[in-house]
Amino acid sequence: MAPIDDDDEMPQLSGGALDALKEFYGERDARQKQFEELKGQAEDEFEGKLSMDAFTEDWNASQFWYSDETAADLARQLLDGATDETKIAVVSAPSAFIQLKNLMASGEYKCRPQLKLLEYDERFAVFKEFVQYDFEKAIKLPAELKGSFDRIICDPPFLSQDCQTKAALTVRWLAKSWTPESLRLLVCTGERMEELVTEKLYGKVGTRTTDYEIKHSKGLSNEFRCYANFECETWKWTKS
């Protein structure tokens, strides 16, 4: 038997495939550099505008970031009428949190409400507001957060009744009060969760389907909705 020439057996990439591979690694290295720079800014209170570009989406973890426009729209409604005493909880919606930080740093809002980001992804621990969160352990959170927040946005990571219900338990635990007059609530999730969200989980605080179109930075195949217990200039309820 003739000896096998290892070089002849090695698969060869085409020029186009090599270029694509180089581009992939180049983008990966650029994102890693952005993230390292972000970590380096932590002690300087993140001067300048923040971006989600440093945090790549992990679709296996159901990470789908909002577009900057959508995230800013949601953040504005959490800041509208807020004061220095306002406490805002962001549950599994880090792109909204980033825009909250940007808006507060822009000078457009004079208030300085307290922010907390409840998030599973430990990359966001670069922010002092980060609180490690796993919906499977819905209320395994720092005791001082219980009953503290009067504004909450929640985007449960999975479109299942189990995940939605456990996330709602977290929201209820965080809320200072469970009335539409004292709690401003946003829930962003799939259209097929509508009945569960508006009737079973958050109905008592007046949560309804809005006409606002949630957009994601890289698109999303599932029909997505914004549910809220208030109307504003940005959206109206679709049902009475």
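Predicted model, so just to flag it, every value in this text is computed and none were measured.

**Topic: unusual backbone geometry**
We note that Ser92 has phi near 60 degrees; this positive angle belongs to a residue other than glycine. Here Ser92 is to be found in the loop between strand E1 (87-91) and helix H4 (94-106). By relative accessible area, which is 17% here, Ser92 ends up buried.

**Focus on the sheet that holds strand E2 (residues 114-119)**
Across the sheet, which stays open at both edges, the 7 strands sit in the order E3-E2-E1-E4-E5-E7-E6 with mixed pairing between neighbours. With one partner strand each, in any of the chains shown, strand E3 (130-132) and strand E6 (208-209) form the two edges of the open sheet. Pairing of E1 with strand E4 (residues 151-154) involves 4 bridges; the strand directions are parallel. Residue pairing in the sheet places Val91 in a bridge with Cys154 of E4. Along the sheet, helix H3 (residues 68-79) contacts E1, E4, strand E5 (184-190) and strand E7 (224-228); its crossing angle with E4, the most-contacted strand, is approximately 160 degrees. Against the sheet, H4 touches E1, E2 and E4, its axis set at about 160 degrees to E2.

**Quick notes on the pairing of E1**
With 4 of its 5 residues buried, E1 lies for the most part within the structure. For E1 and E2, the ladder comprises 5 bridges, and the chain directions are parallel. Within E2, the position partnered with Val91 by the bridge is Leu118. Remark: the E1/H4/E2 crossover connection has right-handed handedness.

**Examining the pattern of salt bridges**
Taken as a whole and judged by the stated rule, the model has 9 salt bridges. A salt bridge links Asp121 to Arg123; the nearest nitrogen and oxygen atoms lie 2.7 Å apart. By relative accessible area, which is 11% here, Asp121 ends up buried. Residue classification places Arg123 among the partly exposed residues on the basis of a relative accessible area of 22%. One salt-bridge network, in which partners are shared between bridges, spans Glu136, Asp162 and Lys166.

**With respect to the packing of H3 against H4**
It is the contact of H3 with H4, at a shortest axis distance of 8 Å, that shows an interaxial angle of 65 degrees. In terms of orientation, H3 lies roughly perpendicular with respect to H4. Between H3 and H4 lies a crossing of right-handed hand. Two secondary-structure elements touch here, H3 through Asp68, Ala71, Ala72, Ala75, Arg76, Leu78 and Leu79 and H4 through Ser95, Ala96, Gln99, Leu100, Leu103 and Met104.

**Focus: the packing of aromatic side chains**
Taken as a whole, this structure holds 8 aromatic pairs when the rule is applied. Seen from their ring centres, Phe55 and Phe124 are 4.2 Å apart, and the 15 degrees between their planes marks the pair as stacked. Taken together, the residues span a long stretch of sequence, with Phe55 in the loop between helix H2 (15-40) and H3 and Phe124 in the loop between E2 and E3 at a distance of 69 residues. Residue classification places Phe124 among the buried positions, given a relative accessible area of 0%. Directly above the ring of Phe230 sits Arg184, whose terminal nitrogen or CZ lies 4.0 Å from the centroid. Note that Arg208 overlies the ring of Trp237, its terminal NZ or CZ placed 4.1 Å from the centroid.

**Structural notes on the packing of helix H5 (residues 161-174) against helix H6 (residues 194-201)**
For the pair H5 and H6, the least separation of the axes is 11 Å and the interaxial angle reads 35 degrees. Viewed along their axes, H5 and H6 form a crossing whose handedness is right-handed. Residues Gln161, Gln164, Thr165 and Ala168 of H5 pack against Leu196, Val197 and Leu201 of H6. Residue composition of the contact of H5 with H6, grouped by class: 4 nonpolar, 3 polar and no charged.

**Observations regarding the environment of Glu194**
By the secondary structure assignment, Glu194 is in helix H6. Ignoring any residue separated from it by four or fewer positions in sequence, one finds Glu194 in contact with Glu199, Thr209, Tyr227 and Lys239.

**Regarding the pairing of E2**
Where a strand is regular, its side chains alternate between the two sheet faces. In this sheet, E3 lies alongside E2 in parallel orientation, the contact comprising 3 bridges. In the sheet register, Leu118 faces E3, and the bridge partner there is Val131.

About the cut-offs
- Residues numbered from 1 in each chain as written.
- Predicted model: local features only at pLDDT ≥ 70, side-chain atom pairs only at ≥ 80, totals over all residues.
- Heavy atoms only, no water.
- Helix = DSSP H or I, 4+ residues; strand = E, 2+ residues; numbered from the N terminus.
- Buried < 20%, exposed > 50% of the residue type's maximum accessible area, 1.4 Å probe, protein only.
- Pairing = 2+ DSSP bridges.
- Contact = heavy atoms within 4.5 Å.
- Axes fitted to C-alpha atoms, helices over the stretch in contact; angles between N-to-C directions.
- Right-handed = clockwise from strand over helix to strand, strands pointing away.
- Salt bridge = Lys/Arg side-chain N within 4 Å of Asp/Glu carboxyl O.
- Parallel < 35°, antiparallel > 145°, perpendicular 65-115°, else oblique.
- Left-handed = near helix turned anticlockwise from the far one by under 90°.
- Phe/Tyr/Trp six-rings, centres within 6.5 Å; stacked < 30°, edge-to-face > 60°.
- Lys NZ or Arg CZ within 6 Å of the ring centre and 35° of its normal.
- Nonpolar A, V, L, I, M, F, W, Y, C, P; charged D, E, K, R; others polar.

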